[in-house]
Amino acid sequence: MLDLSDFAKMTNSDSEDEDNKKENIITEQVFEEKLIEVHGEKIKIREFAYSNTNAGVIWPSTYTLIDYLLLNQERFKNKKIIELGSATGVLSIFLNKKGYNVTSSDYNADEITENINFNKSLNNIEFKHIPHTWGDTFKEEDKDFEIVIASDILLYVQYFEKLMITLRQLMDNKKDSFMLMAYGRKLYDSKKFFVLLEENDFEYELVGSKTWIIKKKQ
Ligand SMILES: C[S@@+](CC[C@H](N)C(=O)[O-])C[C@H]1O[C@@H](n2cnc3c(N)ncnc32)[C@H](O)[C@@H]1O
């Protein structure tokens with residue numbers, strides 16, 4: 001498993017990562033609850049200030065994915081969906097409230113898992129969460145998904161190869177499986193993700209503003 005301190009060494013062009021390097025001196029977590037309203041659904045989310053993996057807050061592509069998923073419901077409803085990099089859990093919470101069958105997942109760290117569970121309770125909703133660090137092996141019962149979704153997960157250039165292992169575990173040998181991904185941050189190295197996709201026999205298509213569908217080549 002990766003060490004959380006590795007994230008401070010991530011190749012990332014954003015200056016806020018300089019702040020991440022100071023993470024070790026922070027001793028007390030800071031939480032804040034907010035109420036958001038998305039497409040008529042009121043959701044309470046507890047965010048937290050200090051996360052080495054940027055899992056404490058809601059990232060903007062969440063809303064891009066929500067718009068896409070609601071516009072294309074027939075492709076996603078009644079499918080078994082796993083979200084990668086769920087962070088606060090907001091997208092999985094919203095989609096489960098709307099009747100989609102979504103399992104959340106994120107880096108295997110107690111602070112993330114506990115916050116997602118907390119947010120599920122805040123919203124009186126229950127669904128499975130899988131603590132999963134990219135590249136780790138899924139249990140057999142945790143690989144049985146038809147669709148992968150992910151918002152703003154392309155920050156971690158050093159871990160793209162591990163992410164490929166996870167995507168291959170979830171999508172290899174499944175003819176109709178695909179991933180829906182949106183990312184809004186412009187990062188110098190995010191193009192490496194697409195190079196790796198091709199090397200791992202994936203194909204991709206831009207289907208909306210910074211929104212991609214990724215599939216195994218047939
Ligand atoms: C920028 S945040 C986006 C969070 C969320 N999808 C959103 O849009 O609000 C990226 C997420 O990817 C997760 N992540 C980063 N590296 C990971 C790894 N190696 N394995 C699993 N999850 C990882 C982080 O913990 C974080 O929750």
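Residues numbered from 1 in each chain as written. Predicted model: local features only at pLDDT ≥ 70, side-chain atom pairs only at ≥ 80, totals over all residues. Heavy atoms only, no water.

### With respect to the packing of helix α2 (residues 61-71) against helix α4 (residues 90-97)
Just so we agree on the cut-off: Helix axes are fitted only over the stretch in contact, all axes being lines through C-alpha atoms; the angle between N-to-C directions runs from 0 to 180 degrees. By definition, any uninterrupted DSSP run of H or I lasting at least four residues is a helix, any uninterrupted run of E lasting at least two residues is a strand, and each is numbered from the N terminus. Put simply, angles under 35 degrees are roughly parallel, angles over 145 are roughly antiparallel, angles from 65 to 115 are roughly perpendicular, and the rest are oblique. Put simply, a crossing is left-handed when the front helix is turned counterclockwise from the back one by less than a right angle, and right-handed when it is turned clockwise. Working rule for contacts: check all heavy atoms of both residues, and any pair within 4.5 Å makes them a contact. Put simply, Ala, Val, Leu, Ile, Met, Phe, Trp, Tyr, Cys and Pro go in the nonpolar bin, Asp, Glu, Lys and Arg in the charged bin, and everything else, Gly too, in the polar bin.
Running from N to C, α2 and α4 cross one another at 20°; their axes reach a closest spacing of 10 Å. Comparing the axis directions of α2 and α4 gives the class roughly parallel. With respect to the hand of their crossing, α2 and α4 are arranged in right-handed fashion. The residues of α4 that touch α2, namely those facing Thr62, Leu65, Ile66, Leu69 and Leu70, are Val90, Leu91, Phe94 and Leu95. Of the residues in the contact of α2 with α4, the class split is eight nonpolar, one polar and no charged.

### Observations regarding the sheet that holds strand β7 (residues 178-182)
Adjacent strands of a sheet pair through backbone hydrogen bonds, lying either parallel or antiparallel. Threshold: Strands are labelled as partners when DSSP assigns at least two bridges between them.
Taken in spatial order, the seven strands make up an open sheet running β5-β4-β3-β6-β7-β9-β8, and their pairing is mixed. At either margin of the open sheet sits one strand with a lone partner, and together these are β5 (129-131) and β8 (202-208). Averaged over all pairs of adjacent strands, the angle between their axes in this sheet comes to 25°, without regard to strand direction. Packing of helix α5 (residues 110-122) onto the sheet brings it into contact with β4 (101-106) and β5, and relative to β5 it is tilted by some 170°. Strands β3 (80-84), β6 (147-151), β7, β8 and β9 (211-216) of the sheet are contacted by helix α6 (residues 160-171), whose axis makes an angle of about 175° with β3.

### Considerations on the confidence of the model for the protein chain
Rules: Per residue, pLDDT captures the predictor's confidence, and it can take any value from 0 to 100.
Residue-level pLDDT values for the protein chain average 90, and 87% of them are 70 or greater. Low pLDDT, under 50, characterises residues 8-16; the predicted model gives this stretch 21 contacts beyond four residues in sequence or across chains.

### So, the site of the ligand
Selection rule: Near is defined per residue: the residue qualifies when any heavy atom it owns lies within 4 Å of the molecule or strand. Whenever a nitrogen or oxygen atom comes within 3.5 Å of another N or O atom, the pair is scored as a polar contact, on the condition that within protein one atom can donate a hydrogen and the other can accept it, and that pairs from neighbouring residues in sequence are kept only if both atoms are in side chains. Per-residue and other accessible areas follow the Shrake-Rupley method at a 1.4 Å probe size, with only the shown protein chains counted as cover for residues.
The full set close to the ligand counts 21 residues, and Thr53, Trp59, Gly85, Asp106 and Ser151 are the nearest of them. With respect to the ligand, the side chain of Thr53 contributes an N or O atom lying 2.7 Å from an oxygen atom. Contact between the ligand and Ser151: an oxygen atom at 2.4 Å from a side-chain N or O atom of the residue. Calculation on the ligand without its partners gives an accessible area of 590 Å², and the protein chains cover 100% of this total. Of the residues that constitute the shell around the ligand, the class distribution is 12 nonpolar, seven polar and two charged.

### Topic: the nonpolar core
Considering soluble globular proteins, one finds that nonpolar side chains tend to be buried as a cluster. Worth spelling out the cut-off: Take the buried residues of types Ala, Val, Leu, Ile, Met, Phe, Trp, Tyr and Cys, join any two whose side-chain atoms come within 4.5 Å, and each joined set is a nonpolar core. Throughout this description, buried means an accessible area under 20% of the type-specific maximum (1.4 Å probe, protein chains only), exposed means over 50%, and partly exposed covers the range between.
Counting 31 residues, the largest nonpolar core has Leu154, Leu167, Met179, Met181 and Phe193 as its most contacted members. At the level of secondary structure, the elements contributing two or more residues to this core comprise β3, β6, α6, β7, α7 (191-199) and β9. Per-element tally for this core: the top contributor is α6, with six residues. Listed in part, the 27 residues of the second largest apolar core include Val38, Ile93, Leu95 and Ile147.

### Digging into the packing of aromatic side chains
To keep it simple, the criterion reads: Within 6.5 Å between ring centres, the rings of Phe, Tyr and Trp (the latter by its six-membered ring) count as paired, and their orientation is classed by plane angle as stacked under 30 degrees, edge-to-face over 60, tilted in between. Working rule: Lys NZ or Arg CZ, within 6 Å of ring centre, within 35 degrees of ring normal, means a charge sits over the ring.
Scanning the entire structure with this criterion turns up 10 aromatic pairs. An angle of 70° between the planes, with centres 5.6 Å apart, marks the rings of Phe76 and Phe178 as edge-to-face. Pair noted here: Phe76 is in helix α3 (residues 73-76) and Phe178 is in strand β7, with a separation of 102 residues, a long-range link. Looking at Phe76, the relative accessible area reads 0%, which means it is buried. Taking the centre distance of 6.3 Å and the plane angle of 40° together, the rings of Tyr183 and Phe194 count as tilted. Taken as a pair, Tyr183 in the loop between β7 and α7 and Phe194 in helix α7 lie far apart in primary sequence, 11 residues in all. On the accessibility criterion, Tyr183 (15% relative accessible area) is buried. On the basis of relative accessibility, which here comes to 9%, the residue Phe194 falls in the buried class. What links up through ring pairs into an aromatic cluster is the set Phe160, Tyr183, Phe193, Phe194, Tyr204 and Trp212. Over the ring of Phe118 we find Arg46, and its NZ or CZ is 3.7 Å from the ring centre. Taking the ring centre of Phe178 as reference, the NZ or CZ of Arg75 above it sits at 4.3 Å.

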